[in-house]
Amino acid sequence: MSTSRNPGAALSGVALVTSALAAQEAGVVPATIRKWVQLGHLRPSGQQGRAHLYRLEDVFAAERAARRVPRGRAATP
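Definitions and cut-offs
- Residues numbered from 1 in each chain as written.
- Predicted model: local features only at pLDDT ≥ 70, side-chain atom pairs only at ≥ 80, totals over all residues.
- Heavy atoms only, no water.
- Helix = DSSP H or I, 4+ residues; strand = E, 2+ residues; numbered from the N terminus.
- Buried < 20%, exposed > 50% of the residue type's maximum accessible area, 1.4 Å probe, protein only.
- Contact = heavy atoms within 4.5 Å.
- Areas by Shrake-Rupley, 256 points an atom, 1.4 Å probe, with all protein chains shown as cover.
- Salt bridge = Lys/Arg side-chain N within 4 Å of Asp/Glu carboxyl O.
- Pairing = 2+ DSSP bridges.
- Axes fitted to C-alpha atoms, helices over the stretch in contact; angles between N-to-C directions.

(A) Structural detail: the overall build of the protein chain. Regarding its fold elements, the protein chain presents four helices and three strands. Its helices and strands taken in sequence order, the protein chain reads α-β-α-α-β-β-α from the N to the C terminus. Counting the 77 residues in the protein chain, one finds 23% classified as buried. A fraction of 49% describes how many contacts in the protein chain between residues 6 or more apart in sequence connect residues 24 or more apart. Only carbon and sulfur atoms are counted for the fraction: they give 52% of the accessible area of the protein chain, which is about 5,500 Å².

(B) Broad picture of helix 2 (residues 19–26). The complete set of buried residues in helix 2 reads Leu-21, Ala-22, Ala-23 and Ala-26. Those residues of helix 2 that are buried lie in contact with strand 1 (16–18), helix 3 (30–39) and helix 4 (56–68).

(C) Fine view of the pattern of salt bridges. Within this structure, the stated rule accounts for three salt bridges. The shortest N-O distance in the salt bridge between Arg-55 and Glu-57 comes to 3.5 Å. With a relative accessible area of 27%, Arg-55 lands in the partly exposed category. Classification of Glu-57 as partly exposed rests on a relative accessible area of 43%.

(D) Just the sheet that holds strand 2 (residues 46–48), in detail. Strand order in the open sheet formed by three strands is 1-3-2, and the pairing between neighbours is antiparallel. In the strand order of this sheet, the two ends are held by strand 1 and strand 2, each with one partner. For this sheet, the mean angle separating the axes of adjacent strands, direction not counted, is 45°. Sheet analysis places strand 1 next to strand 3 (residues 51–55), joined by three bridges and oriented antiparallel. Each residue of the ladder has a partner; that of Leu-16, found in strand 3, is Arg-55. Contacts from helix 4 reach strand 1 and strand 3, with the element oriented near 80° to strand 3.

Treat this as a map of the structure, not an account of what it does.
Written out as structure tokens, the structure reads:
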């Protein structure tokens, strides 16, 4: 585990990544990470300077949550 992203992450045993790396791992663009935060699917777990940091497991959970949300209007029965 690299501690260059967040020196405190090694102490807690949790790797934190930037939004750019989180987007790359999830296969989305960084704007999608920001949208998930805006929609409440994802919350930053830390901060380094002005950059928000995220746990990858939270990013993947947000991806699953975003897929469950129906897009557009709901289907009528």
